[in-house]
Amino acid sequence: MNPAPQANAADASGAGIRAAPVAKRRAQTLRRARLRQRELAVLAVLGFLGLFMLARLLALQPYLDSTWRAEAGDVVELVTSPLSPLKGLGGAHLERITGRDGASLLADANLLQRSPRWSIDDATRQSQLDSQRRLSTLLEQGAVTLHFVGGQQVVVEPRPRGMAGVGALFWLLGAAALALGLVAATVLISHPHWRNLPYALIGLCQGANLLAIGIESLPGLGLPQAYAQHGLIARTAFDLCSAAAMVHLSTLQPLRLPSGRWLAAFTWGICAVLVALAARQALPQAWWWTQAGMLGCGVVTLLLMTWSYRLEPNPFALLMRRLAAAATATLLLLCTAVAVASWQGGVAEGDAALSSVIWYLFLSTLILLLPMFSRVQPLMRELAMLAGTSTVATSLDLLFMSAFSVGAFASLSLSVFLALAVYAATRRWLLQPMSGQHVPGAERMFERLYRVLREVEARPRDSAELLTRLLRDLFEPLEVRTLDRPSARSRVLGDGSALLVPLPTIDADQEHGSDGSIVLRFAERGTRMFSRDDARLTDRVVEQLRRAVAYDKAVERGRSEERARIAQDLHDDIGARLLTLMYKAQSPEMEDYIRHTLKDLKTLTRGLASSDQRLSHATAEWKADIGQRLAAAQIELSWTFIFDRDIVLSVVQWSALTRVLRELISNAIQHSCATHLEISAALEDGRLRLSLADDGIGRNPQAWSHGLGLGGVRKRVKLLGGDVQWRENGRSGIVCTVLIPDLGPRH
Amino acid sequence: MAVKVLIVEDNPVARSFLCRVVRESFSDVIAITEAGDLETARKQISLTGGAQGMHGVDPFKLLLVDLELPDGNGMELLSTLAHYPATKIVTTLYSDDDHLFPALQCGADGYLLKEDRFEVLVEELQKIVRGQPPLSPAIARRLLTHFRPGGTGEAAPSDSGFSSAGAFQSSRPVPIEKPLDHERLTPRESEVLTYLSKGFTIKEIASLMGIKWFTVNDHIKSIYKKLNVSSRAEAAVLASKQGLV
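Residues numbered from 1 in each chain as written. Chains lettered and ligands numbered in written order. Predicted model: local features only at pLDDT ≥ 70, side-chain atom pairs only at ≥ 80, totals over all residues.

Novice: Got a minute to help me understand the overall build of chain B in this structure?
Specialist: Each helix and strand in chain B was counted, giving 10 helices and 7 strands. Burial analysis of chain B (245 residues in total) assigns 38% to the buried set. (Helix = DSSP H or I, 4+ residues; strand = E, 2+ residues; numbered from the N terminus. Buried ≥ 20, exposed ≤ 12 C-beta atoms within 10 Å, placed from the backbone.)

Novice: For this particular structure, what's the right way to read the overall build of chain A?
Specialist: Assigned secondary structure in chain A consists of 21 helices and 19 strands. A separation threshold of at least 6 residues defines the contact pool for chain A, and within that pool the share at least 24 residues apart is 72%. (Contact = placed C-beta atoms within 7 Å.)

Novice: Looking at this structure, I do not really get the nonpolar core. What am I missing?
Specialist: Burial of nonpolar side chains together is a common tendency in soluble globular proteins. Residues L240, L499 and L520 of chain A are the most contacted members of the largest nonpolar core, which totals 110 residues. In terms of residue count, the dominant contributor to this core is helix α10 (residues 315–344) of chain A (16 residues). In this structure, L18, L77, L125 and V216 of chain B belong to the second largest nonpolar core, which totals 64 residues. (Core = buried A, V, L, I, M, F, W, Y, C linked by C-beta atoms within 7 Å.)

Novice: What is the right way to read the interface of chain B and chain A from this model?
Specialist: By a widespread convention, an interface's size corresponds to the accessible area lost as its parts come together. Taken together, the contact pairs 23 residues of chain B with 23 residues of chain A. Breaking the side of chain B that touches chain A down by element, the ones donating at least two residues are α1 (12–25) and α6 (137–147) of chain B.

Novice: Just to check I follow, could you spell out the sheet that holds strand β17 (residues 687–694) of chain A for this structure?
Specialist: Within a sheet, adjacent strands bond to each other through the backbone by hydrogen bonds, running parallel or antiparallel. All names here are of chain A. Taken in spatial order, the 5 strands make up an open sheet running β14-β16-β17-β19-β18, and their pairing is mixed. Pairing within the sheet leaves two strands with one partner each, and these edge strands are β14 (636–643) and β18 (723–728). Mean inter-strand twist for the sheet, computed between neighbouring axes without regard to direction, equals 10°. Direction of pairing for β18 relative to strand β19 (residues 734–740): antiparallel, over a ladder of 6 bridges. The residue bridging W726 from the neighbouring strand is C736, located in β19. Across the face of the sheet, helix α20 (residues 651–672) comes into contact with β16 (676–684), β17 and β19 while running at roughly 15° to β17. (Pairing = 2+ DSSP bridges. Axes fitted to C-alpha atoms, helices over the stretch in contact; angles between N-to-C directions.)

Novice: Can you help me understand the sheet that holds strand β7 (residues 110–113) of chain B in this one?
Specialist: All names here are of chain B. With respect to topology, 5 strands assemble into an open sheet ordered β2-β1-β3-β6-β7, the strand pairing being parallel. Single-partner strands in this sheet number two, and they are β2 (30–35) and β7. The average undirected angle you get between the axes of adjacent strands in this sheet is 20°. Bridge analysis of strand β1 (residues 3–8) against β2 gives 6 bridges, and the strand direction is parallel. Residue pairing across strands places K4 opposite A31, the latter belonging to β2. Most of the contacts of helix α2 (residues 38–47) go to β2, to which it runs at about 140°, and overall it touches β1 and β2.

Novice: Is there a simple way to explain the confidence of the model for chain A in this structure?
Specialist: Low-confidence regions, as indicated by low pLDDT, have predicted coordinates that should not be scrutinised in detail. Residues and elements named next belong to chain A. When pLDDT is averaged along chain A, the result is 81; 90% of the residues meet or exceed 70. pLDDT under 50 marks residues 1–20. Its contacts with residues more than four places away, or in other chains, come to 36 contacts. Within the model, pLDDT remains below 50 along residues 508–513, and this stretch shows 6 contacts once partners closer than five positions in the same chain are excluded. (pLDDT = per-residue confidence, 0-100.)

Novice: Would you mind going over the pairing of β17 of chain A with me for this structure?
Specialist: All names here are of chain A. Sheet topology note: the β16/β17 ladder contains 8 bridges and is antiparallel. Bridging from a neighbouring strand, S680 pairs with S691 of β17. Where β16 hands over to β17, the hairpin turn is made up of 2 residues, of which D685 adopts a positive phi near 50°. Bridge count between β17 and β19: 6 bridges; the pairing is antiparallel. Bridge pairing links A693 to V735 in β19.

Novice: Sorry if this is basic, but what is going on with the environment of A206 of chain B here?
Specialist: Residue and element names in this part refer to chain B. Tracing the backbone shows A206 in helix α9 (residues 202–209). Each C-alpha atom of the pair A206 and V192 lies 8.9 Å from the other, and the pair is 14 residues apart in sequence. Non-local contacts of A206, meaning those with residues more than four positions away in its chain, are made with I211, K212, W213 and V216.

Novice: Where do I start with the packing of helix α6 (residues 197–216) of chain A against helix α7 (residues 225–252) of chain A in this structure?
Specialist: Axis angle and axis distance: for two packed helices, these are the angle between their axes and the distance between the axes, and together they describe the pair. Residue and element names in this part refer to chain A. Two numbers describe how α6 lies on α7: the axes approach to 8 Å, and their chain directions differ by 155°. Viewed along their axes, α6 and α7 adopt a mutual orientation that is roughly antiparallel. The element α6 and its partner α7 pack so that their crossing is left-handed. Broken down by class, the residue content of the contact of α6 with α7 amounts to 16 nonpolar, 5 polar and 2 charged. (Parallel < 35°, antiparallel > 145°, perpendicular 65-115°, else oblique. Left-handed = near helix turned anticlockwise from the far one by under 90°. Nonpolar A, V, L, I, M, F, W, Y, C, P; charged D, E, K, R; others polar.)

Novice: In this structure, what is going on with the packing of helix α18 (residues 588–609) of chain A against α20 of chain A? I would like to understand it.
Specialist: Residues and elements named next belong to chain A. The geometry of α18 relative to α20 is characterised by a closest axis approach of 9 Å and an angle of 165° between their N-to-C directions. The pairing of α18 with α20 is recorded here as roughly antiparallel in orientation. Once α18 is placed against α20, the crossing between them reads as right-handed. In this structure, α18 contributes H596, K599, D600, T603, L604 and G607 to the contact, and α20 contributes V651, W654, S655, T658, R659, R662 and S666. Of the residues belonging to the contact of α18 with α20, the class tally is 3 nonpolar, 6 polar and 4 charged.

Novice: Would you take a moment to explain unusual backbone geometry for this structure?
Specialist: Across residues other than glycine, the phi torsion is negative in most instances, and most of the peptide bonds are trans. Residues and elements named next belong to chain A. Not every positive phi belongs to a glycine, and S259 is a case in point at roughly 55°. Note that S259 resides in the loop between α7 and α8 (260–279). You can call S259 exposed: it has 8 C-beta atoms within 10 Å. The backbone of Q285 sits at a positive phi, close to 55°, despite the residue not being glycine. Relative to the helices and strands, Q285 resides in the loop between α8 and α9 (286–311). The exposed category is assigned to Q285, around which 12 C-beta atoms lie within 10 Å.

Novice: Would you explain helix α14 (residues 442–458) of chain A in this entry?
Specialist: Helical geometry: 3.6 residues make up each α-helical turn, so side chains three or four residues apart lie on a common side. All names here are of chain A. If you check α14, its first and last C-alpha atoms are 24 Å apart, about what 17 residues at 1.5 Å a residue would give, namely 24 Å. Among all positions of α14, only V452, L453 and V456 are buried. Seen from one end, α14 has its buried residues packed into an arc of 105°, which puts them on one side. Of the exposed residues in α14, the ones pointing more than 90 degrees away from its buried face are E443, R444, E447, Y450, R454 and A458. (Expected span 1.5 Å × (residues − 1). Arc of directions from axis to C-beta.)

Novice: It is not clear to me how the pairing of strand β3 (residues 75–80) of chain A should be interpreted in this structure. Could you clarify?
Specialist: Successive side chains on a regular strand alternate, one facing one side of the sheet and the next facing the other. All names here are of chain A. As paired elements, strand β2 (residues 67–71) and β3 share 5 bridges and run antiparallel to each other. Across the sheet, residue T67 finds its bridge partner in β3, namely T80. For β3 and strand β4 (residues 93–98), the ladder comprises 2 bridges, and the chain directions are antiparallel. Directly across from V76, in β4, lies its bridge partner L94.

Novice: For this particular structure, what's the right way to read the confidence of the model for chain B?
Specialist: Residue and element names in this part refer to chain B. Confidence in the prediction for chain B averages 77 pLDDT; 76% of positions are at 70 or higher. Within chain B, no element has a lower average pLDDT than helix α7 (residues 165–170), which sits at 35, and none a higher one than strand β3 (residues 62–66), at 91. Across residues 151–176, where pLDDT falls below 50, the model places 26 contacts with residues more than four positions away in sequence or in other chains. Here the prediction assigns the complex a pTM of 0.60, and the interface score ipTM is 0.77.

Novice: Explain the environment of E591 of chain A to me, please; I cannot follow it from the model alone.
Specialist: Residue and element names in this part refer to chain A. Mapping E591 onto the fold places it in helix α18. Between the C-alpha atoms of E591 and L579, which are 12 residues apart in sequence, the distance is 9.6 Å. Apart from residues lying up to four places away in sequence, E591 is in contact with M582 and A585.

Laid out in structure tokens, this is it:
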């Protein structure tokens, strides 16, 4: 039923699957799903045909179209009948029925009691069985004579009941049986694994049980011969078989229990022996044995689930345990009620049978929901809860009426009240492993989401890790794993023990894709199952993260576009004006000053427009530029630049260094009257040492007035966290040393 | 007969400045035609025999084209003058490779930075006309990327040996077609470009490679030509792919 999570994980990380291209895999999955749908459709049609054939068979059986009532004192009273000989006999009491060959059947309550399965006493069972068997024999022989109390004799010809006589209840139960069978088939088809066989078996047995109840519910007098013969043993077998299959199932799912095989074999053996003995009528107190077998299996299932949860805290085990507890408890209550009612007497046998029918319906809804508990709509779950509540109510009703001799009305209202109380008390407890939104309160969740979103905006590269952290916070899973396999959207895996979440792509070019997926297993430290709501929630979260990343990128793009625009405007407008001003300059000094300004403007705009630069690139340009300027000023340049690592300069660093160098070179050209300038720089471990040594006329740098130029140099070096010094260079000239201790990428 | 020069420049002050530069640069008699925008420039060119310059009329010998003009970009004019028999020079305020490289691709024989000193401009202009075009490190880097096998796009500029070129090439798919000659640089040319991209001067390169200054210059000229040709071929391929031709 539930594709075991282990198997899933193995699939997902399997090399074969990863190797196949995504599109191909998707096509394969699609094809398989379509095939599955077709198989299911065929099965549904076949199932319906089978049901129809059964109805047809029943329709051919002869019966007496009449309604009877068992009155106190073992009296059978005719309520009404559309048959012409019986018209006007409403209220008459039937004494006996005789057949064509003179065989006679005494009329008592057993005549109306069609299901010996829920009769406790061996003798009662036997007589019920006998009277049903004899009745159907009589009816098959042809016309029967009904002897009423008071000497009236009516000859009635049994007729086939026809399709119309099958009755609505049969179709209803038949549909339920069909649904059970189809769900079992679906599970087997979608996850063809022998581990799912016990579940399919349970589904089929319960479906057959419902069908049997349907046959028993046929209106009128008379059952098919074959059913009257074998109905009891078949129903016993179905019950015990599904109980044993339940134990078997719980040794396999959700975890394969050690030495579970032996336990399962043992259970199967006991149940088989019970069924065999019952079939040979060699089992005294057969009802007690059967019920004990079923209850025992329920308790064993409970224990096994507890054990399984200890071994691996899979919330599915928790859920199964609770469901098994609910089913076993209601069964126990029902058995007690039926037993008490039978001892005390005074309660019509039909009531006991009715409450058992409701229990079967309850069990059927549980079985139907089991494979898809994490996925079904809350409505279905409520339906199951309602069925359970009804079982409790009818059982209690039965108990009160018989054991405490409470009046019918008082008993009914009391039992409904109590059942509702039980429902209210257990509902939360039962559903907690599935849906109980134990996700931290909305406020806390919002806060976490907000925090993570902010972090993602700040560090989009870490979004995968941040998402994992957020999911960990939200669901507190026991296990988090990442898979290479991409997935389109979040989904609950198998039985709800795991949740698959796609990792958002960091690359904004790929709008909706994922590089990999995260698998969360065992939510809330293994006490809760993932639901579809969780998948939806995570999808929203992933979407938000994606948006945050995209937003961040858009902001960055907008920012750089804006900067580029400002740079362009500055360059074009101010640059052109400065150029005109420069051409019109009155003196060479003025011209040089404006040229310098223009170059600074260009550095500024370039810094605005471009992004980070490598040091090696920047050095090459500095060298070419300085070489050209010094050549024009007829100063010889010797240049050495050594760096141990090619770092990436930020825009700020690049523009500061460029302008410092330009200023120092300008200074040298204008004031030093040097013939040689030696520039040497070294970058070691992020420590930059730059020195310019000229052989000019400059002396005594302490006495210099630091005008705009040198002040600017100081300011920019300080901005880079460094220091600049001027001192005399040997006999002639000046050495300027710039020391930046940390030219890391942090500035 | 006077040497005809066309100066396309919208700023009148800059235009007269450039006129002075041109007159200073050449001893020949100079006939300067000035144009303030692309339209006037086109008219002037068609008066002297059209864009191909094939009518035997006396064409311009030297074109100075500003990039930023009121009615468009100077590159538009340059790209229509691919076969015009003149020395085409871009004069601009933009010194970065993002602006200059496309201009060189359009067939410019060199570029002048307008903010340079008068003497510097004269010298540079003379050099270009003599066939000694400038090549800045940034443009050299762009050229290296442009001519790298398989990569005319904006791949990471390989430069100073920090990224090992061998490994880089082996990871690329090997092109099946052999690249045409105009799409490849000779090893010597690549070497020259690499040095230029590291900021070495022609003189330094000559001594580093053990060749003559002129030889280095010839390599640079050849690179210019190849860039022009390869860009045009690229444009043709692109055009035929888009069904424009």
